[in-house]
Amino acid sequence: MPELPEVETIRRDLSKKIVGGKIVSVEVKDKKLGEAKNFARVLVGNKIVAADRIGKLLILKLAGGKFLLIHLKMTGQLVYEDQEELIAGGHPFNIKSPLGRGVRPGRTGWVNAGILEEIGGKLPNKYTRFILNFAGGRRLFFNDTRRFGYVKIVDKKQLAEIRSAYGIEPLKPEFTLANLRKTLAGKKINIKAALMDQKNIAGIGNIYASEILYAARVKPTRAAGSLKEEEIKRIFNSAKTVLTNAIKHRGTTFSDYVDTSGQKGNFSKLLKVYEREGESCPVCGGKIKNTKIAGRSTYFCPKCQK
């Protein structure tokens, strides 16, 4: 699932591409999202004036005062296309695609050879659920293989209600040691689950929870309320460091293809424990283990994390 670093990368890239853009038409390919006429009534002729985010939720502010929300959930993906470039962000549909194996002519100039596999084929494709068409031939596609993600329009009051359901943001001023301590106090659930609960902390998912706890040297099965002050402080510092570094490297699941150059979110190269079961711990040399917590694979070093 795209997490905070991936959604933040998408937000930043889309801010450069669609903010100020006029929407000329809307195509709803999946009725599960809602009726096309309802989207068209608000969106067509409107402009996007800002791109914001709450945790993993992307918020596109409209000139008319309403907001277009896009949540990628487990398998969602946003693809921006114009006459010169194709930018894809979110869940890669073919994660094992051998990217970087050269270039070939694409529909919109030169693109990396793996791009069509990464976005599920020529656009729109069978995974495409929603399309925003902008003036000048620009398009934004929302693809989703398992249809868990959503697109919806809300007003200011509804957005405030949605915001209130989220916990503190790890990279905003509200994320202080005192607030983290208060959030974890008395909780009997394990610290991995506590970090992933969006009501506690907004934006952290399975990948980064494992990486944060490894960096903090805290075992993921520990009860959140049992942590000592020094351990909470290490989690606090590790969360900021890991997430900031992930954004710097464009996330773990992000792909960006422009003309003849291809970039992929390369934080995957810096992951210390996630999906590295059986490999040697970079610190102690012991074997990294994998256990299930709330049905999710959780990677940790049994020697370094206590």
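Undergrad: Quick question: what am I supposed to make of the packing of aromatic side chains here?
TA: How two aromatic rings sit relative to each other is given by the distance of their centres and the angle of their planes. Inspection of every chain in the model, using the stated rule, returns four aromatic pairs. Ring centres of F39 and F130 lie 5.1 Å apart, and the angle between their planes is 65°; on these two criteria the pair is classed as edge-to-face. In this pair, F39 is assigned in helix α2 (residues 36-43) and F130 in strand β9 (residues 128-134), connecting sequence segments 91 residues apart. In terms of burial, F39 and F130 fall into one category: buried.

Undergrad: Looking at this structure, I do not really get unusual backbone geometry. What am I missing?
TA: A negative phi angle is the norm for most residues apart from glycine, just as the trans form is the norm for most peptide bonds. Following L123, the chain continues into P124 via a peptide bond in cis, with omega recorded as -10°. Tracing the backbone shows P124 in the loop between α3 (115-118) and β9. Positive phi outside glycine occurs at K73, with the angle close to 50°. Locating K73 in the fold gives a position in the loop between β4 (67-71) and β5 (76-81). Look at R250: it is not a glycine, yet its phi comes out positive at around 65°. Tracing the sequence through the fold places R250 in the loop between α8 (229-248) and β12 (255-258).

Undergrad: I keep staring at the packing of helix α7 (residues 206-216) against α8 and nothing clicks. Help me out?
TA: In helix packing, the relevant descriptors are the interaxial angle and the interaxial distance, both defined with respect to the helix axes. The geometry of α7 relative to α8 is characterised by a closest axis approach of 8 Å and an angle of 130° between their N-to-C directions. Our classification of the angle between α7 and α8 gives oblique. Classified by chirality, the crossing of α8 by α7 is right-handed. For the pair α7 and α8, contact is made by Y208, E211, I212, L213, A215 and A216 and by R234, I235, S238, A239, V242, L243 and A246, respectively. Taken together, the residues of the contact of α7 with α8 break down into ten nonpolar, one polar and two charged.

Undergrad: Can you walk me through the layout of surface pockets in this structure?
TA: A probe as big as a water molecule, rolled over the atoms, marks out the empty space that is left. Estimated volume of the second largest pocket: approximately 170 Å³. Looking at the second largest pocket, the residues that line it are M1, K56, H71, K73, Y150, Y166, M196, Q198 and R296. Grouping the constituent residues of the lining of the second largest pocket by class yields four nonpolar, two polar and three charged.

Undergrad: Can you help me understand empty space enclosed by the protein in this one?
TA: Taken as a whole and judged by the stated rule, the model has two cavities of 30 Å³ or more. In this structure, the largest cavity occupies an estimated 50 Å³ of space. Taken together, ten residues form the lining of the largest cavity, with I10, L14, L78, I87 and G89 sitting closest to its centre. Of all the elements in the fold, those that place two or more residues in the lining of the largest cavity are α1 (4-17), β5 and β6 (85-90).

Rules behind the numbers
- Residues numbered from 1 in each chain as written.
- Predicted model: local features only at pLDDT ≥ 70, side-chain atom pairs only at ≥ 80, totals over all residues.
- Heavy atoms only, no water.
- Phe/Tyr/Trp six-rings, centres within 6.5 Å; stacked < 30°, edge-to-face > 60°.
- Helix = DSSP H or I, 4+ residues; strand = E, 2+ residues; numbered from the N terminus.
- Buried < 20%, exposed > 50% of the residue type's maximum accessible area, 1.4 Å probe, protein only.
- Axes fitted to C-alpha atoms, helices over the stretch in contact; angles between N-to-C directions.
- Parallel < 35°, antiparallel > 145°, perpendicular 65-115°, else oblique.
- Left-handed = near helix turned anticlockwise from the far one by under 90°.
- Contact = heavy atoms within 4.5 Å.
- Nonpolar A, V, L, I, M, F, W, Y, C, P; charged D, E, K, R; others polar.
- 1 Å grid on protein atoms, 1.4 Å probe; cavity = no way out; pocket = protein on both sides within 12 Å on 5 of 7 lines; lining within 4 Å.
- Points joined across faces, edges and corners; volume = space filled by probe spheres on them.

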